[in-house]
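# Architecture and fold: a report
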Amino acid sequence: MSVFSVSSLAADQSVCAPLFVLGRNVTVPLVTGGEVTYAALDYAASAPALQRVWDDVAAYAPYYGSVHRGAGYLSQLSTDLFENARRTVAAFLDCREDDQLVFTRSTTDSLNLLAAALPADCQVFVFETEHHASLLPWREARVTYLDAPRTPAEAVATLERALADRDPHGPALVCVTGASNVTGEIWPVRELAAAAHAHGARIVLDAAQLAPHHPVSVQDLDVDWVAFSGHKLYAPFGSGVLAGRADWLREADPYLAGGGASRKVTRRTDGGVDVEWHETAARHEAGSPNVIGAYAIASACKALTEAGFDTLVARERHLIDTVRAGLAEVPEVRVLSLFGDDAPRVGVLSFVVEGWNSSHFAAALSAEYGIGVRDGLFCAHPLVRTLLGSDPHTQGECGAPEAAPGEKSLNAIRVSFGAGTPDEHVERFVGAVRELVRDGARWNYRTEDGRCVPAT
């Protein structure tokens, strides 16, 4: 039977720098009049879909069918497509031969799945610097929250001390980000994995911000699991991945009980039900799987691999240098950082502007310049508050109370970009920051339903 291979459907799509993404020619209105091409600089929240991914999905869509549930041609084709996507993503992550790869809804879903699969009495160690997706799922376990380190070496030393003090006889798990969704700084994952294993612990890598920007090798980094989201990897449709060691996943009760997870269900004489669960990834993929989401992730993995991460990283470094150099010329701007200016990072930077409420500044970038960034605490409240030195009890996100002149901002502004970002967009951003700080906003802004909008 003929089966689509990921990449064959849009093989004639040339790879360039920047890569083609949907929405690259969308125009938006300005409050000052006229329209401008939208500068999407919020990749850390959701990256635009690669045109290549969209074309692959469009070519498959007429052949969509049920997965693992039908004898018909379309069902068989869709099942093959789904399982081929699993193999493609496993190769992208350089998984071990006996690893399992589970398709989930997102990084958050992946880490909650792993949290549900923890052995009894497992100890979990997690830095306060994590995104909420990797900070919060472990609350039913015995959790040790570690203070924010100020250097990569301090991160390793902090973890080693915490692990040395643990009960050495029970299972333990370390959760760490690969690249911060706030500062963009890359964490010493390989060294943290070595420390974890030296103390008999396992480690899971939150690669949501790392995988779209750098190659992620499970074997080279020596992590036990890795999790990431398709929507940050230029793949829409709400799918994610958890890949790694099979034993904890195989021994845990299914994350969701239902069809697909069960291999055999029988009624007992007492009226109850006995269930024999799958031991493969299907154990945690109950229900009809998101085959289009899985296929989109696989297509994105292929596209990034074929583009070449060396080329993508070099180009992104140029964009990072452009943004940092531009912001450094504005004395009122303070870029947030844990590890310092020389730390390696991906295309994510957060900053505050003296004398400005961050929400109003972000709103002005959008309304007056057609630039989309994010303001708030970025679902990493403890980290951002540590970096800002703000009251941990104050409200975050766009609805934060407006800071008085001279006071510290209660939230921050984040600019993020990647493989689809044109030079013009970051240059426009740098110029807009300079203009706003020098001349002030040309419009008044107010908070409405938690959002900052131009005042009428």
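Scroll up for the structure.
Below you will find a few notes about this structure. This structure is a prediction, so every number in the text was calculated from the model and none was measured. (Residues numbered from 1 in each chain as written. Predicted model: local features only at pLDDT ≥ 70, side-chain atom pairs only at ≥ 80, totals over all residues. Heavy atoms only, no water.)

### A closer look at the overall build of the protein chain
The line we're drawing: Helix and strand definitions follow DSSP, with helices as H or I runs of at least four residues and strands as E runs of at least two, each counted in order from the N terminus. In this treatment the radius of gyration is a C-alpha quantity, and the globule benchmark scales as 2.2 Å times the residue count to the 0.38 power. The cut-offs for exposure are 20% and 50% of the maximum accessible area for each residue type, with area from a 1.4 Å probe on protein chains only; residues under the lower value are buried, those over the upper are exposed, and the others partly exposed. Residues are treated as being in contact if the distance between any of their heavy atoms lies within 4.5 Å. Using a 1.4 Å probe, accessible areas were evaluated by the Shrake-Rupley method; residue-level cover was limited to the displayed protein chains. The positive count covers Lys and Arg only, the negative count covers Asp and Glu only, and His and the chain ends enter neither. Where a charge lies is defined by one atom per residue type: Lys uses NZ, Arg uses CZ, Asp uses CG and Glu uses CD.
Broken down by element type, the protein chain carries 13 helices and 19 strands. Since a compact globule built from 456 residues should have a radius of gyration of about 23 Å, the 23 Å found for the protein chain is in line with a globular shape. Taking all 456 residues of the protein chain together, 54% fall into the buried category. Nonlocal contacts in the protein chain, meaning residues at least 24 apart in sequence, comprise 71% of its contacts between residues at least 6 apart. Looking at the protein chain as shown, the accessible area adds up to about 18,900 Å², and 50% of this sits on carbon and sulfur atoms. Distance between charge centres in the protein chain, computed from 38 positive and 57 negative side chains, equals 3 Å.

### Focus: the nonpolar core
Threshold: By convention a nonpolar core is built from buried Ala, Val, Leu, Ile, Met, Phe, Trp, Tyr and Cys residues, the set being connected through side-chain atoms within 4.5 Å.
Val 89, Leu 93, Leu 159, Val 216, Phe 228, Leu 233 and Val 241 are the most contacted members of the largest nonpolar core, which has 88 residues in total. In contact with Leu 93, other than residues within four places in its own chain, are Leu 101, Val 216, Ser 217, Val 218, Val 226, Phe 228, Val 241 and Ala 243. Counting residues in each nonpolar core, the second largest holds 33 residues, with Leu 319, Leu 327, Val 333 and Ile 371 among its members.

### Thoughts on a nonpolar patch on the surface
What counts here: Like-charged residues within 9 Å of one another, or nonpolar side chains (Val, Leu, Ile, Met, Phe, Trp, Tyr) within 5 Å, are grouped into patches, provided each residue has over 30% relative accessible area and no salt bridge. We count a salt bridge whenever a side-chain nitrogen from Lys or Arg sits within 4 Å of a carboxyl oxygen from Asp or Glu.
Where nonpolar side chains cluster on the molecular surface, the patch consists of Tyr 63, Tyr 73 and Leu 74 and spans about 280 Å² of accessible area. Considering the arrangement of structural elements, one finds Leu 74 in helix H2 (residues 73-92). Residue Leu 74 is classed as partly exposed on the basis of its relative accessible area, which comes to 34%.

### Considering the environment of Val 126
With respect to the secondary-structure elements, Val 126 resides in strand S5 (residues 123-127). Overall, Val 126 belongs to the buried group, its relative accessible area being 0%. Taking C-alpha positions, Val 126 is 5.2 Å from Cys 175, a pair spaced 49 residues apart along the chain. When residues no more than four places from it in sequence are discounted, the contact partners of Val 126 are Ser 134, Leu 135, Val 143, Thr 144, Tyr 145, Leu 146 and Cys 175.

### Remarks on the sheet that holds strand S4 (residues 100-104)
Basically, it comes down to this: Note on pairing: DSSP must find at least two bridges between two strands before they are called paired. What counts as an axis is a line fitted to C-alpha atoms, over the stretch in contact for a helix, and the angles between N-to-C directions run from 0 to 180 degrees.
With mixed pairing, the seven strands of this open sheet are ordered in space as S4-S10-S9-S8-S7-S5-S6. Sheet topology places S4 and strand S6 (142-146) at the edges, where each strand pairs with a single neighbour. The mean inter-strand angle of the sheet, taken between neighbouring strand axes irrespective of direction, is 20°. Where S5 lies against strand S7 (residues 172-177), four bridges are found, and the strand directions are parallel. The partner of Val 126 across the bridge, within S7, is Cys 175.

### Some words on H2
To keep it simple, the criterion reads: Under the convention used throughout, the expected extent of a helix is 1.5 Å for every residue step, that is, one less than its residue count.
Between its first and last C-alpha atoms H2 spans 28 Å; for 20 residues at 1.5 Å apiece the expected length is 28 Å, and the two agree. Every buried residue of H2 is listed here: Ser 75, Leu 77, Ser 78, Thr 79, Leu 81, Phe 82, Ala 85, Arg 86, Thr 88, Val 89, Ala 90 and Phe 92. Considering only its buried residues, H2 is in contact with helix H1 (51-60), S4, strand S9 (225-229), strand S10 (240-244), helix H9 (291-307) and helix H10 (309-328). After H2 finishes, the residue Asp 94 shows a positive phi value of roughly 55°.

### Some details on the state of the cysteines
How we decide: When two cysteine sulfur atoms lie within 2.5 Å, the pair is treated as a disulfide.
The final tally for this structure, using the stated rule, is zero disulfides. Cys 122 forms no disulfide, and the closest cysteine sulfur to it belongs to Cys 175, at a distance of 12 Å. Look at Cys 122 and you get buried, because its relative accessible area is 3%.

### Here we look at the pattern of salt bridges
Under the counting rule described, the total for this entry stands at 22 salt bridges. Where Arg 142 meets Asp 121, a salt bridge forms, and the shortest distance between an N and an O atom there is 3.1 Å. Of this pair, Arg 142 sits in strand S6 while Asp 121 is found in the loop between helix H3 (107-116) and S5, placing the two residues 21 residues apart along the sequence. Of the charged contacts in the structure, one is a salt bridge between Glu 368 and Arg 442, with a shortest N-O distance of 3.3 Å. In this pair, Glu 368 sits in helix H11 (residues 358-369) while Arg 442 sits in the loop between helix H13 (423-439) and strand S18 (445-448), placing the two residues 74 residues apart along the sequence. Look at Arg 442 and you get partly exposed, because its relative accessible area is 48%. Here the salt bridges share partners, and the residues they tie into one network are Arg 52, Asp 56 and Glu 306.

### Focus: the pairing of S18
Pairing of S18 with strand S19 (residues 451-454), which is carried by four bridges, proceeds in the antiparallel orientation. Its bridge partner being in S19, Arg 446 is matched across the sheet by Val 453. Between S18 and S19, which pair antiparallel and follow one another directly, the connecting turn spans two residues, one of which, Asp 449, has a positive phi of 55°.

### Describing the sheet that holds strand S16 (residues 374-376)
Strands belonging to one sheet form pairs held by backbone hydrogen bonds; the direction of such a pair is parallel or antiparallel. Taken together, four strands build an open sheet; the order of strands is S13-S14-S17-S16 and the sheet is antiparallel. Strands with a single pairing partner mark the edges of an open sheet, and in this sheet they are strand S13 (333-335) and S16. Across this sheet, the average inter-strand angle for adjacent strands is 30°, counted without regard to direction. The pairing of S13 with strand S14 (residues 348-353) spans three bridges and is antiparallel. When the sheet's bridge partners are listed, Arg 334 is paired in S14 with Val 352.

### Some words on the packing of aromatic side chains
Stated formally: To pair, rings of Phe, Tyr and Trp, with the six-membered ring standing in for Trp, must have centres within 6.5 Å; the planes then decide the type, stacked if under 30 degrees apart, edge-to-face if over 60, and tilted in the middle. A ring is considered to have a charge above it if a Lys NZ or an Arg CZ atom is located within 6 Å of its centre and within 35 degrees of its normal.
For the structure shown, the criterion picks out twelve aromatic pairs. Aromatic side chains Tyr 60 and Tyr 295 sit 5.7 Å apart centroid to centroid with 70° between the ring planes, which places their arrangement in the edge-to-face category. Of this pair, Tyr 60 sits in helix H1 while Tyr 295 is found in helix H9, placing the two residues 235 residues apart along the sequence. You can call Tyr 60 buried: its relative accessible area is 0%. Considering the side-chain rings of Trp 187 and Phe 339, the 5.4 Å spacing of their centres and the 55° angle between planes classify their relative orientation as tilted. Placement of Trp 187 in the loop between S7 and helix H6 (189-198) and of Phe 339 in the loop between S13 and S14 is noted, with a sequence separation of 152 residues between them. Residue Trp 187 shares its accessibility class with Phe 339, and that shared class is buried. The rings of Phe 351, Trp 356, Phe 361 and Phe 429 are connected pair by pair, giving a single aromatic cluster. Here the guanidinium or amino end of Arg 442 rests over the ring plane of Tyr 369, the centre of that ring lying 5.2 Å away.

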